[in-house]
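Fold and contact review
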Amino acid sequence: MNWIKILLITLGVYAPSVLFSQENNRISLQTGLFHCFFDGSAIINSQPTNQVKRIYNHKILSNLLNGVVNDSRGINYQRKINSFSNISLEYMNYATDYYFTENFDWRVKPIVAWRNIKFLNMTYSRVFPLNNSIKMTYGAGINYIWGREVLYHYTTFFGSGEPLFYSYYRNDIGANFRLGVEYSPKPWLTLFSNFDYIGIIYLGAKDIDGIKVGDYYHNTYNLKNIPSKSDISWRFGVGFNFWK
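Below you will find a few notes about this structure. What you see is a predicted model, and the numbers here were worked out from it, not measured in a lab.

**Considering the pattern of salt bridges**
Counted by the stated rule, this structure contains ten salt bridges. A salt bridge links Glu182 to Arg26, with the nearest nitrogen and oxygen atoms 3.2 Å apart. With Glu182 in strand β8 (residues 160–186) and Arg26 in strand β1 (residues 24–36), the pair connects residues that are 156 residues apart, well separated along the chain. Each member of the pair Glu182 and Arg26 is classed as buried. Of the charged contacts, one joins Arg115 and Glu149 as a salt bridge, the two residues approaching to 3.0 Å between their closest N and O atoms. On the criterion of sequence distance, the pair formed by Arg115 in strand β6 (residues 111–129) and Glu149 in strand β7 (residues 134–157) is long-range, its members being 34 residues apart. In the salt-bridge network here, residues are joined through shared partners; they are Asp39, Arg115, Glu149, Arg170 and Asp172.

**Quick word on the environment of Ala95**
Here Ala95 is to be found in strand β4 (residues 85–97). For the pair Ala95 and Ser72, spaced 23 residues apart in sequence, the C-alpha to C-alpha distance is 6.9 Å.

**Quick notes on the pairing of strand β11 (residues 230–243)**
By the bridge criterion, twelve bridges tie β1 to β11 in an arrangement that is antiparallel. Bridging from a neighbouring strand, Asn24 pairs with Trp243 of β11. Here strand β9 (residues 189–202) pairs with β11 via eleven bridges, running antiparallel. Residue Asn194 lies in a different strand from β11, and its bridge partner there is Arg235.

**Structural notes on a nonpolar patch on the surface**
Where nonpolar side chains cluster on the molecular surface, the patch consists of Ile27, Leu29, Ile75, Tyr91, Trp188, Phe240, Phe242 and Trp243 and spans about 760 Å² of accessible area. Contributions of two or more residues to the nonpolar patch are made by β1 and β11. Ranked by the residues each element gives to the nonpolar patch, the list is headed by β11, at three residues. Its location among the elements puts Phe242 in strand β11. With relative accessibility at 35%, the residue Phe242 sits in the partly exposed group.

Conventions used here
- Residues numbered from 1 in each chain as written.
- Predicted model: local features only at pLDDT ≥ 70, side-chain atom pairs only at ≥ 80, totals over all residues.
- Heavy atoms only, no water.
- Salt bridge = Lys/Arg side-chain N within 4 Å of Asp/Glu carboxyl O.
- Helix = DSSP H or I, 4+ residues; strand = E, 2+ residues; numbered from the N terminus.
- Buried < 20%, exposed > 50% of the residue type's maximum accessible area, 1.4 Å probe, protein only.
- Pairing = 2+ DSSP bridges.
- Patch = residues over 30% accessible without salt bridge, like charges linked within 9 Å, V, L, I, M, F, W, Y side chains within 5 Å.
- Areas by Shrake-Rupley, 256 points an atom, 1.4 Å probe, with all protein chains shown as cover.

All quantities given are derived from atomic positions and should not be read as evidence of function.
Encoded structure:
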């Protein structure tokens, strides 16, 4: 996997320099307010009450509304190629643990209790102006995903059971598709929102013993999306435009 990291970093450094003959640059701060991983983990956590708890008890202070919103945060650099296309490099971090109700049946199936994963992405986008200040965008790119996730599930020994935390490490490659809209009230300022879908092409998640997590949970529990092979997020951001 080291060669993939080197390739993404090289492209990220080299591509903007190749495109420096153009005019516009943009630095954006952004958040993915909502993420759906299609693995049973919550998009929005329940409001903490006496009936709701964090099973992993690893509070992520940066999450919005005291962890009710499982948001990601990141930064994006975008370079204009021409009037109708651009290329971008971004880094995003998603870190949260999930709330569960007290009456949740832990014996049903393994479930994600905590995740801290990072995304390095390069995307090529096309731009369609609707008027002088509003544009529609769509694009596709490549992602490197790494970090750690923790599962919680029930393990049975000789007729009795006990809860178990199982940790593994992501080391994956994915492709993404993106559709969005941006609004520029000023030449130097852009507000934007987009939907971003990531599908894993290469799943390299392993536990500390080197066991491939996807194969283990597929063979043992017939689970086909642990670790998650998809992520769709709804993102919002503010960009600051500048010139060479």
